[in-house]
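Letter by letter, the chains look like this.
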Amino acid sequence: MQAVMYGIKNCDTIKKARKWLEAAGIDYRFHDVRADGLDEAALDGWLDALGWEALLNTRGTTFRALPDEQKADLDRARARALMLAQPAMIKRPVLQLGDTFHLGFKAEQYQTLFHTQG
């Protein structure tokens, strides 16, 4: 089963995660949500699996630069619209393994997911 990593190529966390996968010899495909686009159905799957609160990166510069009225009263629909309009607001990476999704990167987590030796 091939892993698919979603993110933005110049993100430091993405760079670390990709470096880890390559060093571990893991076959994966990278999808840049900014350059390659963000599919609404994919985002809906992530929202269902991970929740909008986890997926929306409220600490990033893209979110913090929004006017206060866009940041207020967030719910799933509003967060979804923000993420579709500006995919940089999605926490990264989103890693798809089969039908499951994992958010963020920690080497220990990836070692467990891919059953590799640390």
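- Per an unreviewed UniProt entry, the recorded name for the chain is ArsC family protein, and the organism is Aeromonas diversa CDC 2478-85.
- Quoted straight from UniProt, the Sequence similarities (unreviewed entry) entry for the chain says "Belongs to the ArsC family."

A closer look at the nonpolar core
So, step 1. In terms of nonpolar packing, the biggest core is built from 21 residues, with Leu43, Trp46, Leu55, Met83 and Ile90 touching the most fellow members.
So, step 2. Of all the elements in the fold, those that place two or more residues in this core are strand E1 (3-7), helix H2 (40-50), helix H3 (52-55) and helix H6 (76-85).
So, step 3. When sequence neighbours within four positions are dropped, the list of residues in contact with isoleucine 90 reads Leu38, Leu43, Trp46, Leu55, Asn57 and Met83.
So, step 4. Core analysis: the next-biggest nonpolar cluster, separate from the first, contains 15 residues, Ala3, Cys11, Ile14 and Phe114 among them.

Looking at the sheet that holds strand E4 (residues 100-103)
So, step 1. An order of E2-E1-E3-E4 is seen for the four strands of this open sheet, with the pairing classed as mixed. The open sheet is flanked by strand E2 (28-32) and E4, the only strands paired with a single partner. Here the strands of the sheet are splayed against their neighbours by 20° on average, with no regard to which way each runs.
So, step 2. Bridge count between E1 and E2: five bridges; the pairing is parallel.

Cut-offs applied
The residue count restarts for each chain, going from 1 along the sequence in the order it is written. Confidence filtering applies because this is a predicted model: local features only for residues at pLDDT of at least 70, side-chain atom pairs given and counted only at 80 or more, and all residues used for totals across whole chains, interfaces and linings. To obtain the side-chain values, all non-hydrogen atoms of the structure were used and water was disregarded. UniProt positions are given in the numbering used here, feature names are shortened, and annotations may be inferred rather than shown by experiment. Here, nonpolar core means buried Ala, Val, Leu, Ile, Met, Phe, Trp, Tyr and Cys residues that are tied together by side-chain atoms lying within 4.5 Å of each other. Think of it in three bands: with a 1.4 Å probe and only protein chains considered, a residue is buried below 20% of the maximum accessible area for its type, exposed above 50%, and partly exposed in between. A run of H or I in DSSP becomes a helix once it reaches four residues, and a run of E becomes a strand once it reaches two; helices and strands are each numbered from the N terminus. Contact between two residues is taken to exist if any of their heavy atoms lie within 4.5 Å; hydrogens are not considered. Two strands qualify as a pair provided that DSSP identifies no fewer than 2 bridges between them. Lines fitted to C-alpha atoms define the axes here, with helix axes fitted over just the stretch in contact, and angles between the N-to-C directions of these axes take values from 0 to 180 degrees.

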